[in-house]
Amino acid sequence: IRPTSVLTDADGRFVLTGLGPGQHTVQVTYAGYIGRGAGVTATTTTEAPTREAEVLMRTGGVMHGRVLAADGAPVEGAMVFAQRRVEQGRVGTPVAEGLAPGVPGPRFVSIGAPAQTNAQGEFTTEAVEPGPYYLRATAPSIQGREPSPGSGITTKALPTYLPGTTEPAAALQTTARAGESADVGDIRLQFVSAFRVGGVVVDETGQPMEGVRVRLVPADAARDALPMTGSTAHSAAGGEFSLSGVL
């Protein structure tokens, strides 16, 4: 059965038609209210084809701000995550950003769907439960220009916490309040130099090999947490390969 949707009327009432017998989940969403993915279950039968379902919506809090590049320019298409900090370190606790189960220390767990910035770099989160949050912006597609053509060196945006740090311990805490939209200010993305690595794959006789998968692996485990977009490539007809965005 395909999902069906309707809008409520002035009294908040709705009618869903064309449903067959069985169990159905009623989910309700409305800007500023918590209810995404939540709902009630109603069971219809041939003897009782109509059921009443009442869904209680809770007022949530939203947060809005901007994502900027290092030069102050707005960043379009960045994703902003509202995260909760969890002080847990035992096996079996929720796995969060960058930490494996059982690793002591703070963890950051994303709540709800991320918000995306517009052409002005502005974002507004979906409604969340009131309380403290940390905002984290990512823009993997944002890449700067080469300082000199052909150098193979560019700049790459790193996941950045409000107000502009890659270190979770230095992240600024903000608060979501029920029925309010909190202005959190600007998240200034942090950039690092990114490089291009290339070469030629040959066999034991020195002949170029096409279609070979080449993967670049960090030399030390400490760099595993850094994003490595473009860390795999396949060699071309002449054996050439190129890996870009390497940190």
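Residues numbered from 1 in each chain as written. Predicted model: local features only at pLDDT ≥ 70, side-chain atom pairs only at ≥ 80, totals over all residues. Heavy atoms only, no water.

Trainee: If you had to explain the overall build of the protein chain to someone new, which residues and values would you point to?
Mentor: For the protein chain, the count of helices and strands is 0 helices and 18 strands. Taken across its 247 residues, the protein chain has 27% of its residues classed as buried. In the protein chain, the share of contacts with a sequence separation of at least 24, taken over all contacts with a separation of at least 6, comes to 63%. Accessible area for the protein chain stands at about 15000 Å²; split by element, carbon and sulfur atoms hold 51% of it. (Helix = DSSP H or I, 4+ residues; strand = E, 2+ residues; numbered from the N terminus. Buried < 20%, exposed > 50% of the residue type's maximum accessible area, 1.4 Å probe, protein only. Contact = heavy atoms within 4.5 Å. Areas by Shrake-Rupley, 256 points an atom, 1.4 Å probe, with all protein chains shown as cover.)

Trainee: Describe the packing of aromatic side chains, naming the residues involved and giving the relevant values.
Mentor: Each aromatic ring pair is specified by the distance between its two centres and by the angle formed by the two planes. Per the counting criterion, the structure on display carries 3 aromatic pairs. Taking NZ or CZ as reference, Arg84 lies 4.3 Å from the ring centre of Tyr133, over its face. (Phe/Tyr/Trp six-rings, centres within 6.5 Å; stacked < 30°, edge-to-face > 60°. Lys NZ or Arg CZ within 6 Å of the ring centre and 35° of its normal.)

Trainee: Outline the side chain of Thr160, supporting the account with residue identities and numerical values.
Mentor: Inspection of the secondary structure puts Thr160 in strand S12 (residues 160-161). Thr160 gets classed as buried once you look at its relative accessible area, which sits at 0%. In terms of polar contacts, Thr160 uses its side chain to reach the backbone carbonyl oxygen of Leu158, at 2.8 Å. A polar contact is formed between the side chain of Thr160 and the backbone nitrogen of Gln190, at a distance of 3.1 Å. If we skip the residues at most four places from it in the chain, Thr160 touches Leu135, Arg136, Ala137, Thr165, Thr166, Ile187, Arg188, Leu189 and Gln190. (Polar contact = N/O pair within 3.5 Å; in protein donor to acceptor, adjacent residues only side chain to side chain.)

Trainee: Can you explain the pattern of salt bridges? Please cite residues and give values.
Mentor: In the structure shown here, the tally under the stated rule is 2 salt bridges. With its nearest N and O atoms 2.4 Å apart, the salt bridge here joins Glu129 to Arg58. Residue Glu129 is found in the loop between strand S9 (122-124) and strand S10 (131-138), and its partner Arg58 is found in strand S4 (residues 58-59); the two are separated by 71 residues along the sequence. A salt bridge links Arg66 to Asp186, with the shortest nitrogen-to-oxygen separation between them at 2.9 Å. With a gap of 120 residues between them, Arg66 in strand S5 (residues 62-68) and Asp186 in strand S14 (residues 181-188) connect regions that are remote in the sequence. We classify Asp186 as partly exposed; its relative accessible area is 27%. (Salt bridge = Lys/Arg side-chain N within 4 Å of Asp/Glu carboxyl O.)

Trainee: Tell me about the nonpolar core, and name the residues and values.
Mentor: Among the nonpolar cores identified, the biggest contains 20 residues, and Met63, Val67, Phe123, Leu135 and Ile187 are the most heavily contacted of them. Listed by contribution, the elements that provide at least two residues to this core are S5, strand S6 (79-87), S10 and S14. Looking at this core element by element, the count peaks at 3 residues for S10. Within the second largest apolar cluster, 6 residues are counted, among which are Val214, Ala233, Leu243 and Val246. (Core = buried A, V, L, I, M, F, W, Y, C linked by side-chain atoms within 4.5 Å.)

Trainee: Break down the sheet that holds S9 for me, citing the residues and quoting the values.
Mentor: By definition, the strands of a sheet pair up through backbone hydrogen bonds, in either a parallel or an antiparallel sense. With respect to topology, 3 strands assemble into an open sheet ordered S9-S5-S14, the strand pairing being mixed. Where the open sheet ends on each side, the last strands, each with one partner, are S9 and S14. Taken over all neighbouring pairs, the strand axes of this sheet differ in orientation by 20 degrees on average, direction set aside. Alignment of S5 against S14, held across 7 bridges, turns out to be parallel. Bridged to Val67 within S14 is Ile187. (Pairing = 2+ DSSP bridges. Axes fitted to C-alpha atoms, helices over the stretch in contact; angles between N-to-C directions.)

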